Amino acid sequence: MTQSIPTVTFSERLRLRRQETRIDFLMTVPRRHGPIARMSIWGGFFKAHLVTDPVLAHAVLVEQADAFTKGPALTYFMRPMLGNGLLSSEGEFHRKQRRMLAPSFMPKRLAEYATTIVARSDAARRCLRDGETVDVNNVMMRLTLEIVGETLFGAEVGAEAAEVHEALSDAMEQMSRTVRAVIPVPPTWPTPGNRRGMRAVARLDRVIYGLINERRRSGVERNDFLSMLLALRDEAGGSMPDKQVRDEAMTIFLAGHETTANALTWTFYLLAQHPAARERLERELDDHLNGRLPTMADLSKLPYTMMVFKEAMRLYPPAYVIARRALRDVEIEGRLISKGNLAIINIIGMHRDPALFADPERFDPERFSPEAEKTMPKSAFLPFGAGPRVCIGNHFALMEAHLVLATIAQHLRFERAPSAPLVEVEPLVTLRPRGGMPMTVRRRTIEA
Ligand code: HEM
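Worth saying up front: this structure is predicted, and the values here are computed from it rather than measured. (Residues numbered from 1 in each chain as written. Predicted model: local features only at pLDDT ≥ 70, side-chain atom pairs only at ≥ 80, totals over all residues. Heavy atoms only, no water.)

Draft legend 1. Focus on the pairing of strand β2 (residues 46–51). The buried count for β2 comes to 5 of 6 residues, which makes it a mostly enclosed element. Note: strand β1 (residues 36–41) against β2, 6 bridges, orientation antiparallel. Counterpart to Ser-40 in the pairing with β2 is Lys-47. (Buried < 20%, exposed > 50% of the residue type's maximum accessible area, 1.4 Å probe, protein only. Helix = DSSP H or I, 4+ residues; strand = E, 2+ residues; numbered from the N terminus. Pairing = 2+ DSSP bridges.)

Draft legend 2. View of the layout of surface pockets. There is about 350 Å³ of room inside the second largest pocket. What lines the second largest pocket is a set of 19 residues, among which Tyr-316, Arg-352, Glu-361, Val-423 and Val-425 lie closest to the centre. Among the secondary structure elements, those contributing two or more residues to the lining of the second largest pocket are α2 (19–33) and α14 (258–273). When residues of the lining of the second largest pocket are assigned to their parent elements, the largest contribution, 5 residues, is made by α2. For the lining of the second largest pocket, the per-class residue count stands at 10 nonpolar, 3 polar and 6 charged. (1 Å grid on protein atoms, 1.4 Å probe; cavity = no way out; pocket = protein on both sides within 12 Å on 5 of 7 lines; lining within 4 Å. Points joined across faces, edges and corners; volume = space filled by probe spheres on them. Nonpolar A, V, L, I, M, F, W, Y, C, P; charged D, E, K, R; others polar.)

Draft legend 3. Broad picture of the site of the ligand. Not every one of the 26 residues close to the ligand is listed here, only the nearest: His-94, Arg-98, Arg-324, Arg-389 and Cys-391. One of the side-chain N or O atoms of Lys-70 is found 3.0 Å from an oxygen atom in the ligand. A distance of 3.2 Å separates an oxygen atom of the ligand from a polar atom in the backbone of Leu-86. When contributions to the shell around the ligand are tallied by element, the ones reaching two or more residues are α6 (91–101), α13 (242–255), α14, β5 (321–326) and α19 (394–409). (Near = heavy atom within 4 Å. Polar contact = N/O pair within 3.5 Å; in protein donor to acceptor, adjacent residues only side chain to side chain.)

Draft legend 4. Geometry of the packing of aromatic side chains. Counted under the stated rule, the structure contains 10 aromatic pairs. Ring plane angle 75 degrees and centroid distance 5.6 Å describe the contact between Trp-266 and Tyr-269, whose orientation is recorded as edge-to-face. Taken as a pair, Trp-266 and Tyr-269 lie in helix α14 at a separation of 3 residues, close to a single helical turn. Classification of Trp-266 by relative accessible area gives buried; the value is 0%. (Phe/Tyr/Trp six-rings, centres within 6.5 Å; stacked < 30°, edge-to-face > 60°.)

Draft legend 5. Local environment of the packing of helix α1 (residues 10–17) against α2. Where α1 contacts α2, the axes come no closer than 6 Å and their chain directions differ by 135 degrees. By the angle between their axes, α1 is oblique relative to α2. Listed contacts from α2 to Glu-12, Leu-14, Arg-15, Leu-16 and Arg-17 of α1 are Gln-19, Thr-21, Arg-22, Asp-24, Phe-25, Leu-26, Thr-28, Arg-32 and His-33. For the contact of α1 with α2, a count of residues per class yields 4 nonpolar, 4 polar and 6 charged. (Axes fitted to C-alpha atoms, helices over the stretch in contact; angles between N-to-C directions. Parallel < 35°, antiparallel > 145°, perpendicular 65-115°, else oblique. Contact = heavy atoms within 4.5 Å.)

Draft legend 6. Here's a closer look at unusual backbone geometry. The residue Asn-290 is not glycine, and still its phi comes out positive at about 50 degrees. Tracing the sequence through the fold places Asn-290 in the loop between α15 (275–289) and α16 (303–315). In this model, Glu-333 sits at a positive phi of 45 degrees, which is unusual for a non-glycine residue. Relative to the helices and strands, Glu-333 is located in the loop between β6 (330–332) and β7 (335–337). Assessed through its relative accessible area of 43%, Glu-333 is described here as partly exposed.

Draft legend 7. Structural view of the coordination of the iron atom of the ligand. Exactly one protein atom donates to the iron atom of the ligand; that atom is Cys-391 (SG), 2.3 Å from the metal. In this fold, Cys-391 is placed in the loop between α18 (370–375) and α19. (Donors = N, O, S within 2.8 Å, 3.2 Å for Na, K, Ca; no water.)

Draft legend 8. The arrangement of the sheet that holds strand β12 (residues 438–443) in detail. One open sheet holds the 3 strands; their spatial order is β4-β12-β9, and the pairing between them is antiparallel. Bordering the open sheet on either side are β4 (133–135) and β9 (412–415), each of which pairs with just one other strand. Taking each pair of neighbouring strands and ignoring which way they run, the sheet shows an average axis angle of 40 degrees. In this sheet, β12 lies alongside β9 in antiparallel orientation, the contact comprising 4 bridges. Bridging from a neighbouring strand, Phe-414 pairs with Val-441 of β12.

Draft legend 9. Highlighting the environment of Ala-343. Mapped onto the elements, Ala-343 comes out in strand β8 (residues 342–346). The spacing of Ala-343 and Ala-57 is 286 residues in sequence and 9.0 Å in space, taken between C-alpha atoms.

Draft legend 10. Quick peek at the pattern of salt bridges. Under the counting rule described, the total for this entry stands at 34 salt bridges. With its nearest N and O atoms 2.6 Å apart, the salt bridge here joins Arg-444 to Asp-286. On the criterion of sequence distance, the pair formed by Arg-444 in the segment after β12 and Asp-286 in helix α15 is long-range, its members being 158 residues apart. Here Arg-444 falls in the partly exposed class, since its relative accessible area comes to 27%. The salt bridge involving Glu-373 is made with Lys-310; its shortest N-O contact spans 3.0 Å. Of the two residues, Glu-373 is situated in helix α18 and Lys-310 in helix α16; the sequence distance between them amounts to 63 residues. On the accessibility criterion, Glu-373 (30% relative accessible area) is partly exposed. (Salt bridge = Lys/Arg side-chain N within 4 Å of Asp/Glu carboxyl O.)

This is how it looks when you write it as structure tokens:
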């Protein structure tokens with residue numbers, strides 16, 4: 001006998017559909033319906049179960065992972081852009097690709113990228129003038145795009161950076177418009193929006209295939225993901241076809257910048273609102289680095305900086321929901337999810353659930369002190385997902401954010417006027433600040 005599952009009401013479904021009320025709905029649903037609630041989405045096309053509970057989330061993402069595929073947004077609507085890359089591929093093919101790519105994302109390998117991250121962050125903060133108002137989200141998007149561009153393709157992408165940035169934004173905009181629609185139009189239909197999206201993908205393809213051809217032709221081996229992708233061999237000794245190299249590169253490009261940029265933006269926002277935490281972070285950086293650029297070896301000496309970043313990801317998880325689709329009837333902890341139905345893991349709902357985090361709306365980096373982290377309920381904090389599809393870039397993202405914060409916050413602050421209204425979230429594919437994040441630059445250090 002399986003337990004019955006409460007159903008979300010029609011008016012609640014409208015709250016989920018509307019961007020302005022979506023996050024509030026996701027944060028309050030467990031109080032009204034408990035750990036799992038049923039609803040239909042996308043004009044009734046899919047039946048979905050909204051899961052706001054660490055034990056159930058663990059069952060879907062880890063224990064019974066083989067009973068699920070990714071949700072339709074990734075496997076279908078984003079496919080024209082991502083192809084069969086790691087984020088959207090499935091089954092044995094995904095397992096094989098993941099095995100091949102995993103060593104390149106190991107912490108030891110990532111150390112090679114630390115210099116690029118610090119150099120780019122230092123250059124970005126030097127461009128900011130004391131007293132000017134900037135959109136911190138824009139600054140972070142450009143910075144993380146430059147970082148992923150250079151670590152993926154080496155310096156060659158520099159010349160085409162503006163074109164890539166524009167095409168990537170166009171393609172992302174189109175994708176998130178499709179996924180947001182009441183009844184999404186298949187990506188292959190020649191609507192004006194789809195045609196715009198396809199044009200953007202074609203521009204990106206031109207740049208990426210150009211870089212692949214150039215690298216193959218020159219035979220030069222570099223310290224970047226592209227050289228690594230071209231050198232990879234499967235168990236039978238075969239190399240990846242160009243189309244697969246393109247799909248993996250496009251996936252890393254896309255998955256690897258907007259998430260990190262948004263998490264960093266929310267971190268600076270929270271620091272501006274919590275001067276005591278900001279001063280503690282600055283003290284840690286000043287005491288340990290004394291004005292010099294950080295390296296990978298410094299990170300273990302800067303624990304508070306990482307605690308701040310994790311707490312920002314708890315309050316504003318960039319991937320605020322994760323979707324799966326049942327391949328067969330699955331029973332999780334006595335609840336039935338029927339074949340074809342979706343399980344939507346409500347990451348932000350768990351991160352802000354008072355049953356899991358005391359006073360959950362309060363910004364408190366101490367929750368991530370090494371001692372406190374040990375007592376956190378298992379699977380309650382899931383910014384990177386879990387199980388076989390856990391973010392492969394999680395070590396990269398944490399190292400990148402740690403180094404970006406250490407480089408920038410040593411020299412400047414981003415401030416907001418005390419009277420400025422709170423910034424609202426805009427839940428698109430990731431959790432962005434609505435209307436950007438205008439903040440005033442205050443230099444902490446005077447340099448020649
Ligand atoms: C703060 C930054 C980041 C966050 C919050 C984040 C979050 C996530 C999440 C939640 C997933 C799992 C999605 C699911 O289970 O459906 C994921 C997958 C993935 N992420 Fe990240 N990510 C971040 C940064 C990065 C970076 C820097 C890279 C690459 C350099 C990256 C590459 C990927 C890839 C390739 C996958 C697919 C893995 C697979 O399915 O095997 N991510 N990410």
